[in-house]
Amino acid sequence: MTNSLPPKDRVKIPRQEMPTEPPEVRQHDFHEVNLGLTTIQAHAEAARCLECRNPQCVSGCPVGVKIKEFVALVHDGDYLGAAAKIREDNVLPAVTGRVCPQEDQCEGACILGTRFSALGIGYLERFVADYERTSGKIGLPKRAPSTGQRVAIIGSGPAGLSAAGDLVTKGHDVVVFEALHEPGGVLIYGIPEFRLPKEIVRQEIDNLRAMGISFETNVVIGKTYTIDELLGEEGFDAVFIATGAGLPKFLGVPGEHLAGVYSANEFLTRVNLMHANQFPDYDEPVYDCRERVVAVVGAGNTAMDAVRTARRLGASKAMLLYRRSEAEMPARQEEIHHAREEGIEFVTLTAPLEFLGDEKGRLRAARCQRMELGEPDASGRRSPRPIPDSEYEIELDMAIIALGTGANPLVQRATPNLATNERGYIVADAETLETSRPGVFAGGDIVTGGATVILAMGAGRQAAGAIDAYLKSHPPRQDSPAS
Amino acid sequence: MFEIIDARWLAADVKRFEILAPRIAVKQQPGQFVIVRVHDHGERIPLTIAGSDPTSGTITLVVQGIGKTTRLLNSLEAGQAVLDVVGPLGNPSEIRKFGTVVVIGGGVGTAIAWPTARALHEAGNRVLSILGARTRSLIILEDELRAVSDTLFVTTDDGSYGQQGFVTTKLQELIDTEERLDHVLAIGPIPMMRSVADVTRPHGIPTTVSLNSIMVDGTGMCGGCRVLVGNQARFACVDGPEFDASEVDFDVLAQRNAMYRSAEQDALKRFEQSPARDLDRVEHACQLAARHPEVNP
Ligand SMILES: Cc1cc2nc3c(=O)[nH]c(=O)nc-3n(C[C@H](O)[C@H](O)[C@H](O)COP(=O)(O)OP(=O)(O)OC[C@H]3O[C@@H](n4cnc5c(N)ncnc54)[C@H](O)[C@@H]3O)c2cc1C
Ligand code: FES
């Protein structure tokens, strides 16, 4: 049943709206905000696709998901077929359908967007992934016969997971080492439940386990084992470093040590990984936000996640402090929109200069400066500059710094001759992602700096291909326990 | 899952555990720590490794029951297990030949100072140890520390054992009587470490302290453990835990460590009222095999 509507009628169908939990309700709980399209909506949305001969959306997708084909399968009602089509290029569709910045990628390139509104590709991706997930009929790829070769993957975020999935399918033995007690990387400790339910991440990881990947949590590479040990006595033939960009950046202003000042990583980890929102049933505490004023410094996805989390923890006032204006905010549009609906205040063109504390060392206020926008800088965004004599104080109980992250040096420090750039990120070949150490590959945020889930997954896939080729040209080790 | 092989009381509220963690046991160096989560609703807390036996694959932890998690840990016995143990984390203590070294252990800090004292002794230093506690019953590991010291001094606040006074009283005496002291290592409660720093600073004696800030991941990912050293923010888990005492801002450390006080008290009260809820969440090593056959084939 192909789409028989003529294009002029297709463009008349309005873009389907994502059903959401009402803001009055959701700002008090951690349930997912987006509820997912209904079957009728998905069908209507799929019918909007113009089925371009040369689909721009696919070039807009960092991993080249076959969007036109999967959307046609949705239109035909073959949801499992559509999911399988996405899985050919993307191993975590239920995740990316929720967290990709589609407006900058596939949907940004969609031709419908120029005169009408772009096809809801993310919504459709999520729809089929959820259908597949709840059907219990996930089409896991078949495993090639065992090669007897072993690959160690360091880090279980999207880069590590996608490399692991591909490598195990190619017949290699794959062990994923994770420093934390639960695998998933940012998907588990960073992105909140209301945007990405942890159940989904856990299920994806269970699928990978079912494919034969083993996960070893509580192992910090660089401490528990070094890379040299992995390639030596531990009997691995290749290593993929996917440790992310997990080093929180601070402002470097006075008073940042005060009790009540957090990095977004710490705040989100306490709530997401450690369930501090369920204290005292869970033991890990977090500063009590109830009836308090909370400010988050920054305006990216992490800042939005932190400020919306603070709201849900009961903050009477939850605001963002941002140096530039709203137009420059790097967060996904949907996040900005949802935050506003939840009553988040956007304090723009403002930069904190200092945090002020009380006699017990607890945060009580931030001294801020107003900013104005100058000419566009190298990144194309208009750069902020301070307005003289514009300092003022904002009273605060809690401040969360969400200015992005840098490279965590643990692995690099413990690995001789592993080349890094001036900012501490690992240098990897653009094609093969191989590092300066033979047999050691790296990808995801630890190479690019903080980026996106889909780019990290793309890097994982790219590395898996290169590692497979490397292993083929380096026959199994004689001393390998698996051979 | 990490099985408790042996658990023994050293003093009221202080328990010594031998925990099966072979990977950590072969790697551990004096001064390093692990992060422990007791059960699946637990918090992550850092505990310094007091020693290890690579042959049996065990690490030694000495735990003082202060808050909920440490009290819960101390109610566990051999045969039970803790869910997560990760490490060894942090930088090892600096071990080299300094000359004459004073090692000061206050309360449970003694357990942390002990392996470093041993390593310093083996490196050819003359080790003078000062073991301090409020009262005699809280003195732990006296024989162990004596065995790795050239001389061991004991001080108690109430004079019930050893010399009456604080560790700093003894330290001042040593500064006055010894020809030279090349290095001081002090591990214990914050007020004790602060006083030691105040005593050695005017004499310019290099002094190291081990900071017990609140941690989550222990790998540099959250920054919750940050301390001010020389007015710079440093992460205790990856830049420390040992720092130059003369540069540490102990006020900030104490203030940050007090951040969750009321939640901690609340949690402790709930645990004391109904410990069963937590104890039921703790895994038993023998149930382990039954529930997870893949772990123990
Ligand atoms: C709060 C937040 C919100 C975000 N929102 C979005 C979004 O909406 N859309 C989007 O596309 N992107 C988003 N991002 C960015 C995205 O999550 C990252 O780009 C992506 O997760 C990077 O994947 P990765 O696999 O490289 O690393 P990570 O996901 O960071 O995973 C790295 C893993 O390695 C582990 N590790 C680190 N060091 C070691 C070691 N030495 N030994 C063992 N394990 C180690 C870490 O514990 C971690 O689990 C967000 C990021 C954050 C922090
Ligand atoms: S404990 Fe998280 S950075 Fe040190």
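Residues numbered from 1 in each chain as written. Chains lettered and ligands numbered in written order. Predicted model: local features only at pLDDT ≥ 70, side-chain atom pairs only at ≥ 80, totals over all residues. Heavy atoms only, no water.

**Section: the overall build of chain A**
Secondary structure summary: chain A contains 20 helices and 16 strands in total. Taking 23 Å as the expected radius of gyration for a compact globule of 483 residues, we find that chain A reaches 23 Å, a close match to that expectation. Referenced to the eigenvectors of the C-alpha coordinate spread, the extents of chain A come out at roughly 70 × 65 × 50 Å. In chain A, which comprises 483 residues, the proportion classed as buried is 59%. Long-range contacts, defined here as pairs at least 24 residues apart, represent 70% of the contacts in chain A between residues at least 6 apart. (Helix = DSSP H or I, 4+ residues; strand = E, 2+ residues; numbered from the N terminus. Rg over C-alpha atoms; globule rule 2.2 N^0.38 Å. Buried < 20%, exposed > 50% of the residue type's maximum accessible area, 1.4 Å probe, protein only. Contact = heavy atoms within 4.5 Å.)

**So, the interface of chain B and chain A**
If you look at the interface, chain B gives 47 residues, while chain A gives 45 residues. When the two sides are added together, the surface that chain B and chain A hide from each other amounts to roughly 3,700 Å², 54% of it contributed by carbon and sulfur. When residues of chain B are sorted by the area they lose upon contact with chain A, Arg23, Met221 and Tyr260 of chain B head the list and together hold 19% of the total. At the junction of chain B with chain A, the criterion picks out four salt bridges. (Buried area = accessible area lost by both parts, 1.4 Å probe. Salt bridge = Lys/Arg side-chain N within 4 Å of Asp/Glu carboxyl O.)

**Structural notes on the confidence of the model for chain B**
All names here are of chain B. Put simply, chain B has an average pLDDT of 92, and 96% of its residues get 70 or more. Within the model, pLDDT remains below 50 along residues 292-297, and this stretch shows one contact once partners closer than five positions in the same chain are excluded. Across the whole predicted complex the pTM is 0.94, and at the interface the ipTM reaches 0.93. (pLDDT = per-residue confidence, 0-100.)

**Structural notes on the side chain of Glu43 of chain B**
Within the fold, Glu43 of chain B resides in the loop between β3 (33-37) and β4 (45-53). One buried charge, Glu43 of chain B, has no salt-bridge partner; the nearest side chain with opposite charge is Arg270 of chain A, at 6.2 Å. A distance of 2.6 Å separates the side chain of Glu43 of chain B from the side chain of Thr69 of chain B, its partner in a polar contact. Filtering out sequence-adjacent residues up to four positions away, Glu43 of chain B remains in contact with Met274, Asp283, Glu284 and Pro285 of chain A together with Val36, Arg37 and Thr69 of chain B. (Lys, Arg positive; Asp, Glu negative; His and termini not counted. Polar contact = N/O pair within 3.5 Å; in protein donor to acceptor, adjacent residues only side chain to side chain.)

**Here we look at the site of ligand 1**
Residues and elements named next belong to chain A. Near ligand 1 there are 35 residues, and of these Val99, Ala159, Glu178, Arg195 and Ile221 occur at the shortest range. Protein chains bury 94% of the 990 Å² of accessible surface belonging to ligand 1 in isolation. Residue assignment for the shell around ligand 1 shows that the elements contributing at least two residues are α11 (158-169), α16 (301-312) and α20 (453-473). The element that contributes the greatest number of residues to the shell around ligand 1 is α16, accounting for three residues. Its residues assigned to classes, the shell around ligand 1 shows 19 nonpolar, eleven polar and five charged. (Near = heavy atom within 4 Å. Areas by Shrake-Rupley, 256 points an atom, 1.4 Å probe, with all protein chains shown as cover. Nonpolar A, V, L, I, M, F, W, Y, C, P; charged D, E, K, R; others polar.)

**Looking at the sheet that holds strand β5 (residues 58-64) of chain B**
All names here are of chain B. Strand order in this open sheet of eight strands is β7-β3-β4-β5-β2-β1-β6-β17, and the pairing throughout is antiparallel. Each having just a single partner strand, β7 (84-89) and β17 (283-284) make up the two edges of the open sheet. Pairing geometry for strand β6 (residues 80-82) and β17, over two bridges, is antiparallel. Paired with Ala81 across the strands is Glu283, a residue of β17. Here helix α3 (residues 109-122) sits on the sheet and contacts β2 (14-20), β4 and β5; the angle it forms with β4, its principal contact strand, is near 45°. (Pairing = 2+ DSSP bridges. Axes fitted to C-alpha atoms, helices over the stretch in contact; angles between N-to-C directions.)

**Focus on the side chain of Gln16 of chain A**
All names here are of chain A. Mapped onto the elements, Gln16 comes out in the loop between α1 (7-10) and α2 (23-26). Separated by 3.2 Å, the side chain of Gln16 and the backbone oxygen of Pro14 make a polar contact. Contact partners of Gln16, with chain neighbours within four places excluded, come to Leu37, Gln41, Ala44, Glu45 and Tyr123.

**So, helix α5 (residues 67-75) of chain A**
Residues Ile67, Phe70, Val71, Leu73, Val74 and His75 of chain A constitute the buried set of α5 of chain A. Taken from the residues just after α5 of chain A, Gly77 of chain A is the one with a positive phi, measuring 85°.

**Some points on the packing of aromatic side chains**
Residues and elements named next belong to chain A. What the rule picks out here adds up to nine aromatic pairs over all chains. For the ring pair Tyr79 and Tyr131, a centre distance of 5.0 Å and an interplane angle of 65° mean the geometry is edge-to-face. Taken together, the residues Tyr79 in helix α6 (residues 79-87) and Tyr131 in helix α10 (residues 121-135) connect sequence positions 52 residues apart. A relative accessible area of 11% means that Tyr79 is categorised as buried. (Phe/Tyr/Trp six-rings, centres within 6.5 Å; stacked < 30°, edge-to-face > 60°.)

**Notes on the sheet that holds strand β9 (residues 345-347) of chain A**
Residue and element names in this part refer to chain A. Strand order in this open sheet of five strands is β6-β14-β7-β8-β9, and the pairing throughout is parallel. Strands at the two margins of the open sheet, each flanked by one partner only, are β6 (261-263) and β9. Shown here is a sheet whose adjacent strand axes are inclined to one another by a mean of 25°, direction ignored. As paired elements, strand β8 (residues 317-321) and β9 share three bridges and run parallel to each other. Across the sheet, the residue bridging to Leu320 is Phe346, located in β9. Across the sheet, helix α15 (residues 264-272) touches β6 and β14 (398-401), and the angle it forms with β6 is around 85°. In this fold α16 packs onto β7 (293-297), β8, β9 and β14, with an angle of close to 165° to the strand it touches most, β8.

**Quick word on the nonpolar core**
Core analysis: the biggest nonpolar cluster contains 80 residues, and Ile67, Phe70, Val74, Ile153, Phe240 and Ile467 of chain A have the highest contact counts within it. Looking at this core element by element, the count peaks at eleven residues for α20 of chain A. Once you skip the residues sitting within four places of it in the chain, Ile153 of chain A turns out to touch Gly160, Ala163, Ala164, Leu167, Val174, Val175, Val176, Phe177 and Phe240 of chain A. Ranked by size, the runner-up nonpolar core spans 40 residues in total, among them Leu128, Leu171, Val184 and Val209 of chain B. (Core = buried A, V, L, I, M, F, W, Y, C linked by side-chain atoms within 4.5 Å.)

**Re α10 of chain A**
Residue and element names in this part refer to chain A. For α10, built from 15 residues, the straight-helix expectation of 21 Å at 1.5 Å per residue is met to within 8% by its first-to-last C-alpha distance of 21 Å. With twelve of 15 residues buried, α10 is to be regarded as a mostly interior element. For α10, every residue scored as buried is listed here: Ile121, Gly122, Tyr123, Leu124, Glu125, Arg126, Phe127, Val128, Ala129, Asp130, Glu132 and Arg133. Gly136 occupies a position one or two residues after α10 and carries a positive phi of about 70°. (Expected span 1.5 Å × (residues − 1).)

**A few points about the environment of Val201 of chain A**
All names here are of chain A. Position of Val201 among the secondary structure elements: in helix α13 (residues 198-210). By relative accessible area, Val201 is classed as buried at 1%. Between the alpha carbons of Val201 and His275 there is a distance of 16 Å; along the sequence they are 74 residues apart. Residues contacting Val201, with those up to four places away along its chain left out, are Gly184, Leu187, Ile188 and Leu196.

**Side note on the environment of Gly87 of chain B**
Inspection of the secondary structure puts Gly87 of chain B in strand β7. Along the chain, Gly87 of chain B and Arg136 of chain B lie 49 residues apart, while their C-alpha atoms are 33 Å from each other.

**Looking at the packing of α15 of chain A against α16 of chain A**
Residues and elements named next belong to chain A. The N-to-C vectors of α15 and α16 enclose an angle of 50°; their axes lie 10 Å apart at closest approach. On the basis of their axis angle, the class for α15 and α16 is oblique. As for how α15 packs across α16, the hand of that crossing is left-handed. Contact with α15, carried on its side by Ala264, Phe267, Leu268 and Val271, involves Thr302, Asp305, Ala306, Thr309 and Ala310 of α16 and no other residues of that element. (Parallel < 35°, antiparallel > 145°, perpendicular 65-115°, else oblique. Left-handed = near helix turned anticlockwise from the far one by under 90°.)

**Overview of unusual backbone geometry**
Backbone phi values are negative for most residues with the exception of glycine, while trans is the configuration of most peptide bonds. Note the cis peptide between Gly87 of chain B and Pro88 of chain B, where omega equals -5°. Going from Gly240 of chain B to Pro241 of chain B, the amide bond is cis rather than trans, its omega being 10°. Inspection of the secondary structure puts Pro241 of chain B in the loop between α7 (236-239) and β16 (242-244). Positive phi, normally seen in glycine, also occurs at His275 of chain A, with a value near 60°. Position of His275 of chain A among the secondary structure elements: in the loop between α15 and β7. Among the residues examined, His275 of chain A registers a relative accessible area of 17% and is labelled buried. With a phi angle near 50°, Leu349 of chain A is a residue other than glycine that sits in the positive phi range. Counting through the fold element by element, Leu349 of chain A comes out in the loop between β9 and β10 (350-357).

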